[in-house]
Amino acid sequence: MSSEDSASRIRSAASLLVKGGTLTSDACPKCGGVQVRFANKTTCINCGNEVKAGAAQKAEPEKAAPAQASSGLASAASLIEEKIMLLATEIKNESDISVQKQKAELLESYLRILEKTKSLLG
Ligand SMILES: [Zn+2]
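Computed from a predicted structure; not experimentally measured.

1. Quick word on the nonpolar core
Phase 1: L23, V36, I45, I80 and Y110 are the most contacted members of the largest nonpolar core, which totals 18 residues.
Phase 2: Those residues in contact with I45, other than ones at most four positions away along the chain, are R9, I10, A13, L23, V34, Q35, V36, L106 and Y110.

2. Here we look at the coordination of the zinc ion
Ideal values differ by geometry: the angle at a metal is 109.5 degrees with four tetrahedral donors, but 90 or 180 degrees with six octahedral donors.
Phase 1: C28 (SG), C31 (SG), C44 (SG) and C47 (SG) make up the full set of protein donors to the zinc ion, lying at 2.3 Å.
Phase 2: For the zinc ion, the four donor atoms in the first shell make angles of 103 to 113 degrees at the metal, a pattern classed as tetrahedral.
Phase 3: When the donor residues of the zinc ion are listed from N- to C-terminus, their spacing reads C-x2-C-x12-C-x2-C. With C28 in the loop between β1 (22-23) and β2 (35-38) and C44 in strand β3 (residues 41-44), the pair connects residues that are 16 residues apart, well separated along the chain.

3. Quick word on unusual backbone geometry
Excluding glycine, residues mostly carry a negative phi; peptide bonds, for their part, are mostly trans.
Phase 1: A positive phi angle is found at A39, which is not glycine, with a value near 55 degrees.
Phase 2: Tracing the backbone shows A39 in the loop between β2 and β3.
Phase 3: For A39, a relative accessible area of 65% puts it in the exposed group.

Quick notes on the rules
Residues numbered from 1 in each chain as written. Predicted model: local features only at pLDDT ≥ 70, side-chain atom pairs only at ≥ 80, totals over all residues. Heavy atoms only, no water. Core = buried A, V, L, I, M, F, W, Y, C linked by side-chain atoms within 4.5 Å. Buried < 20%, exposed > 50% of the residue type's maximum accessible area, 1.4 Å probe, protein only. Contact = heavy atoms within 4.5 Å. Donors = N, O, S within 2.8 Å, 3.2 Å for Na, K, Ca; no water. Tetrahedral: all angles 85-135°; square planar, octahedral: opposite > 155°, others 65-115°. Helix = DSSP H or I, 4+ residues; strand = E, 2+ residues; numbered from the N terminus.

See below:
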């Protein structure tokens, strides 16, 4: 187990978010970690497990998806804010220091993304 690996995974997940990927509300089926969906692939930030979208799932109700780009950004921002709150709580309750560090790094990435997203919103 290498912490460098998980750090680079978090970094690549963060870059997916910057490229237009979205955080999914579904937890990783393997480890329960946070997943990022980009293109037609869902990648777990925690363990790196990748799932190709459209393979198993058929009915995908994405009714809440807003059509406009600006409201899409706004909902992305609020989603990231939600994740930050969740992570902050998890860090508070986490006793394993290496997990804390991992989550803190993830939180830092979220904050950077949130900053960018908000600057795009103006
Ligand atoms: Zn996972």
